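Residue strings, one per chain:
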Amino acid sequence: MLIQSLKNQKNASRIAVKAFTSSASDTPRVQSLVTHEEGVHQTMKISKSWRNKPLFRRQGDVRFKTGLEAAKLLVGEAMRRDAHEEQFISSVKSTMECLSPIFDRNPSYAFIAKQLVEPERYIQFRVAWIDDTGVVRMNRGFRIQFSSSLGPYEGALHFGSHVNSDCVKALGFDTVFSNALTGYDLGASVGGSDFNPLNKSEAEMQRFCQSYMTELSKYVGPGIDSPWMGMGVGEKEMGYLFGQYKRINLKNTSVGSPFLSFTNPAFFKAPGFAVVHFANQLLKDRGETLQGKRCLIIGSGRLALSVAEKLLDYGAIPLTFSDTSGHVYEPDGINKGRLKAIDKIKSERGALLGRYIISSTSAQFNDPSSILDIPCDLCFPCGTMNDIDENAANKLADNGCLGVIEGGSCVTPGARALLRKRGLAYAPHTLTETGPAIVHALGEDTTDEMLQEEVSRIYNSVRTTAQEFNARGDLFAGANMYGFLRVANAMMRHGAV
């Protein structure tokens, strides 16, 4: 009996050990995008030959010893080629500074970055159209197809007087990383025109869109390049563009997936909803919530309005909107009724916010004179590029702002460094602008709950990547590194193309 008892105990212990080993092996472990090994601090087995290869060979061999030195060489090469494109150079410089730790760990990635800085294809064309008085008008059209390493090109269209080759190139470069963050097989492209839609009639808008698409249709299509909404391009404009594309092309869908035509209302609000979901994740990391937070919104376009709508769902208090005429400020907050009134005003082409004060007895128009003088907990810049400079960042910090969540490329590199120095939370546009890409990847049946889950997944991946490369809490660095590694690993497989 004693022997039998001992055998039973021995068998039981074996079963317990086996179960423990099995459960331990079943636990998922994170694999690094840099080395394909498990864990955070992997061992690097890199051929020293990469450090001996010249990064450039224009006037003698140019090599690098450190990742930071490689980043400076790449920025210098971009300046040599495109010194006149200040926004693009600024974007490249900010990104390469983030990527220098990757170049330190694996020098081969610096050679991939050299290819990535140059877009695959740049298209510029003339857009001729006739205005309501019968005069022939002329604008420039753009489409820059930056990278197809992960999949077909996808990216926004922007209409506005500020759109030029520099602006489009900078936004295209940023889109490479933003689309890669989603984890889906999406390439990156951006386009648009220096056409100002705010002072045009509906008939002029339609004629321009038809002329623009007549030329653009040669370079875009299902499974090739899918444009989506951007600054100055909303539901109406996309409808006009799709109508013209459908007129001159027989194929306008790909395996049932719509091209330029979306019927799900959630798609049009996804960019703003995603921004707020990222803000919620950012505050959750700090042990806080959006409930009761007073939020400064800069801008009043489709993105800004959808940001306000989702903020109300989270229990936050939107305070302001702004446009070229100035800003409106509701000291008690903008509720759903007030938001509906503003939405109705802004749905009319070229309508300005000043009209809102007629329908509200409590609204303040351009009082105080600067929107940044209004005390707030969070700031959501959703207006023009580079709205938040160092002076604006200082003013926000002085007024007690806790964080800045970008709705577009609105924060300058200097302001970004200042926000970090003064301890403000910061969610960069590279991260927050993934909303449209997520919805495009998931399709027409995407719900806000699905979008929220994807945002949480992306946020955690970016945060983990930043921590792995000793940039804990720096979401801008984490987003650029994670996005770059996904694209670079694909480019390595493709060779010199």
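In this text the structure is predicted, and so the values were computed from the model without any measurement. (Residues numbered from 1 in each chain as written. Predicted model: local features only at pLDDT ≥ 70, side-chain atom pairs only at ≥ 80, totals over all residues. Heavy atoms only, no water.)

Draft legend 1. Spotlight on the pairing of strand β3 (residues 153-159). In terms of residue burial, β3 counts as a mostly covered element, since seven of its seven residues are buried. Bridge count between β3 and strand β5 (residues 225-228): four bridges; the pairing is parallel. Directly across from Gly155, in β5, lies its bridge partner Pro227. Pairing analysis gives three bridges linking β3 to strand β4 (residues 188-193), with the strands arranged parallel. The residue of β4 that forms the bridge with His158 is Gly192. Of the crossover connections in this fold, the one passing from β3 over helix α6 (residues 165-181) to the parallel β4 is right-handed. (Buried < 20%, exposed > 50% of the residue type's maximum accessible area, 1.4 Å probe, protein only. Helix = DSSP H or I, 4+ residues; strand = E, 2+ residues; numbered from the N terminus. Pairing = 2+ DSSP bridges. Right-handed = clockwise from strand over helix to strand, strands pointing away.)

Draft legend 2. Main features of the pattern of salt bridges. Summed over all chains, the structure comprises 26 salt bridges. Between Arg207 and Asp132 there is a salt bridge, with the nearest N and O atoms lying 2.6 Å from each other. Taken together, the residues Arg207 in helix α7 (residues 202-216) and Asp132 in the loop between β1 (121-130) and β2 (136-147) connect sequence positions 75 residues apart. Its salt-bridge partner being Glu237, residue Arg349 comes within 2.7 Å of it at the nearest N-O pair. Remark: Glu237 occurs in helix α8 (residues 235-248) and Arg349 occurs in the loop between α11 (336-346) and α12 (356-359); sequence separation between them is 112 residues. Its relative accessible area of 24% is what places Arg349 among the partly exposed residues. One salt-bridge network, held together by shared partners, links Glu202, Lys236, Glu237 and Arg349. (Salt bridge = Lys/Arg side-chain N within 4 Å of Asp/Glu carboxyl O.)

Draft legend 3. Up close: the sheet that holds β1. Spatial ordering of the open sheet is given by β1-β2-β4-β3-β5, a layout of five strands whose pairing is mixed. Each edge of the open sheet is held by one strand with a lone partner, namely β1 and β5. Strand-to-strand twist of the sheet, defined as the mean angle between neighbouring strand axes without regard to direction, takes the value 20°. (Axes fitted to C-alpha atoms, helices over the stretch in contact; angles between N-to-C directions.)

Draft legend 4. Structural view of the packing of helix α4 (residues 86-105) against helix α18 (residues 475-494). Running from amino to carboxyl end, α4 crosses α18 at an angle of 65°, the nearest separation of the two axes being 9 Å. By the angle between their axes, α4 is roughly perpendicular relative to α18. The element α4 and its partner α18 pack so that their crossing is right-handed. Contacts between α4 and α18 involve Ser94, Thr95, Cys98, Leu99, Ile102 and Phe103 from the former and Phe476, Ala477, Asn480, Met481, Phe484 and Leu485 from the latter. By residue class, the composition of the contact of α4 with α18 is nine nonpolar, three polar and no charged. (Parallel < 35°, antiparallel > 145°, perpendicular 65-115°, else oblique. Left-handed = near helix turned anticlockwise from the far one by under 90°. Contact = heavy atoms within 4.5 Å. Nonpolar A, V, L, I, M, F, W, Y, C, P; charged D, E, K, R; others polar.)

Draft legend 5. Seen up close, empty space enclosed by the protein. For the coordinates displayed, the defined rule picks out one cavity of 30 Å³ or more. Estimated volume of the largest cavity: approximately 70 Å³. Along the walls of the largest cavity sit 10 residues, with Ala266, Ala270, Thr447, Asp448 and Leu451 positioned nearest its centre. Listed by contribution, the elements that provide at least two residues to the lining of the largest cavity are α9 (265-285) and α17 (448-468). (1 Å grid on protein atoms, 1.4 Å probe; cavity = no way out; pocket = protein on both sides within 12 Å on 5 of 7 lines; lining within 4 Å. Points joined across faces, edges and corners; volume = space filled by probe spheres on them.)

Draft legend 6. Region of the structure containing helix α5 (residues 108-116). When you tally the buried positions in α5, you get seven out of nine residues, the bulk of the element. Those residues of α5 that fall on the buried side of the exposure criterion are Ser108, Tyr109, Ala110, Phe111, Ile112, Ala113 and Leu116.

Draft legend 7. Geometry of unusual backbone geometry. Omega for the peptide link from Asp367 to Pro368 comes to 5°, which places this bond in the cis form. Topologically, Pro368 is positioned in the loop between β12 (364-365) and β13 (378-381). The backbone phi angle of Asn386 is positive, close to 60°, even though this residue is not glycine. Tracing the backbone through its elements, the reader meets Asn386 in the loop between β13 and α13 (390-398). Given the relative accessible area of 37%, Asn386 is considered partly exposed.

Draft legend 8. Region of interest: the sheet that holds strand β10 (residues 320-323). Pairing is antiparallel in the open sheet, where three strands are placed in the order β10-β11-β12. Lying at the two open borders of the sheet, with one neighbouring strand each, are β10 and β12.

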